Amino acid sequence: MEMKALRIGMVGYKFMGKAHSNAYRALPMFFPEAPIQPQMAAICGRDADAVQQAAGQYGWAETETDWRNLVARDDIDLIDINAPSDAHKDIALAAAKAGKHIFCEKPLALTLADSREMLKAAEEAGVKHMVGFNYRFSPAVRLAKSLIESGRLGQIYHFRAWFLQDWILDPAFPLVWRLQKDIAGSGSHGDLGAHLIDLAHYLVGDIQEVIGMSETFIKERPLAENMTGLSAKGSLGGPMGKVTVDDATLFMARFTGGALGSFEATRFAAGHRSTNSFEINGSKGSVKFDFERMNELEVYFTDDQEDVQGFRRVLATDAAHAYSHAWWPAGHTIGFEHTFTHEMLELMEAIHEDRQPSPNFNDGVKCQAVLEAVERSVEERRWVEISEM
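Since the structure is predicted, the reported quantities are computational estimates derived from the model, not experimental observations.

### Focus: the packing of helix 5 (residues 112–125) against helix 10 (residues 361–380)
At their nearest, the axes of helix 5 and helix 10 sit 9 Å apart, and the two run at 170° to each other. With respect to each other, helix 5 and helix 10 are oriented roughly antiparallel. Where helix 5 crosses over helix 10, the two elements pack in a sense that is left-handed. Here Leu-112, Ser-115, Arg-116, Met-118, Leu-119, Ala-122 and Glu-123 of helix 5 lie close against helix 10, whose contacting residues are Phe-361, Asn-362, Val-365, Gln-368, Ala-369 and Glu-372. Considered class by class, the residues forming the contact of helix 5 with helix 10 number seven nonpolar, three polar and three charged.

Okay, structure coming up:
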């Protein structure tokens, strides 16, 4: 029988857990044409009271406190992993072994070796696998992709991108898990830079070599007493812990197609709450994007008449733009949460069509290879070829 509903088991219930839950709930309302619809079967978290509260708030039917029990259930078709990064590998390997499809938040794993192991396990199990690079699913980013693929920007010369935040600027901000390498893998580099790398791969193509530098500005922070999402509390004058990840990383890149790239990821850019931006320059034009104004794409074409040349603001909410038919009338904008709904639409369509979703674990591995190549470059103070990884 043709599958009509996909029974989801989700591990994690905080920032990304809420985003994914909202996407699963919104999909049937706004994309009723989706060939498969998600069924929110069970949500998993170690704190029984907290996960029970999340289940009621988000709309999950049941709860589990051990992901192993969730993976073993016969009434689960897909495991959604949005737990901290150090848990991704073990959950994904178990899910693949159990024959479950997998959706995993980025970065795919703590290391390139682990991400390759996850990809191999998923391929050998014959399951569908997707990685959570949600910014690909902004209509304005899709417009940039179409302008590049159609040749309207000509030959691509430059990709420059920056992801700037300031949420740990205060030295008294506690030592949350995202600042611990054994849990997070890396700091701004893997958390923010991973999105930039994936956008570069998606829009411009593979990266050939990189050279970078990084810095940890605050070496120690108060231990966290509790944390939720990107917020936390610590005790003033209490014990301190070592920050083991980068606060900021910058690198340059050369693409296999000949374009040059520059990337900056930092959590120390005062005044920037979440400035995720890129600019692409080609022989026939340019585009500029800033996620804080995610419905807009600035577009420039060299063949415009001289007296009207300049960047134009395109509001990507018309019927000609990706996903826009499902939401509101033209000019009525969408937000961050909608990118996750578009992700889940791609996941459901891919499973129905018996193909791998895009992006999938292959893209996660490619991203991890660049992340680690930059880290090697920082350590060895040299250009590093991605093929070395």
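### A closer look at the sheet that holds strand 16 (residues 285–290)
Reading across from one edge, 18-17-16-15-7-14-13-8-19 is the order of the nine strands in this open sheet, with mixed pairing throughout. The open sheet is flanked by strand 18 (312–315) and strand 19 (384–385), the only strands paired with a single partner. Sheet topology note: the strand 15 (residues 275–282)/strand 16 ladder contains five bridges and is antiparallel. Bridge assignment links Ile-280 to a residue of strand 16, and that residue is Val-287.

### Regarding the pairing of strand 17 (residues 296–301)
Extensive coverage of strand 17 is indicated by the burial of five of its six residues. Here strand 16 pairs with strand 17 via four bridges, running antiparallel. Its bridge partner being in strand 17, Lys-288 is matched across the sheet by Glu-298. Linkage of strand 16 to strand 17, two consecutive antiparallel strands, is achieved through a turn of five residues.

### Some points on the nonpolar core
In this structure, Val-210, Phe-263 and Phe-278 are the most contacted members of the largest nonpolar core, which totals 111 residues. Each residue touching Val-210, except ones within four places of it in the same chain, is listed here: Phe-251, Met-252, Ala-253, Val-370, Ala-373, Val-374, Ser-377, Arg-382, Trp-383, Val-384 and Ile-386. Counting residues in hydrophobic clusters, the runner-up holds 10 residues, among them Phe-173, Leu-175, Ile-218 and Phe-268.

Rules behind the numbers
Residues numbered from 1 in each chain as written. Predicted model: local features only at pLDDT ≥ 70, side-chain atom pairs only at ≥ 80, totals over all residues. Heavy atoms only, no water. Axes fitted to C-alpha atoms, helices over the stretch in contact; angles between N-to-C directions. Helix = DSSP H or I, 4+ residues; strand = E, 2+ residues; numbered from the N terminus. Parallel < 35°, antiparallel > 145°, perpendicular 65-115°, else oblique. Left-handed = near helix turned anticlockwise from the far one by under 90°. Contact = heavy atoms within 4.5 Å. Nonpolar A, V, L, I, M, F, W, Y, C, P; charged D, E, K, R; others polar. Pairing = 2+ DSSP bridges. Buried < 20%, exposed > 50% of the residue type's maximum accessible area, 1.4 Å probe, protein only. Core = buried A, V, L, I, M, F, W, Y, C linked by side-chain atoms within 4.5 Å.

Scope: geometric values only; no functional claims are made or implied.
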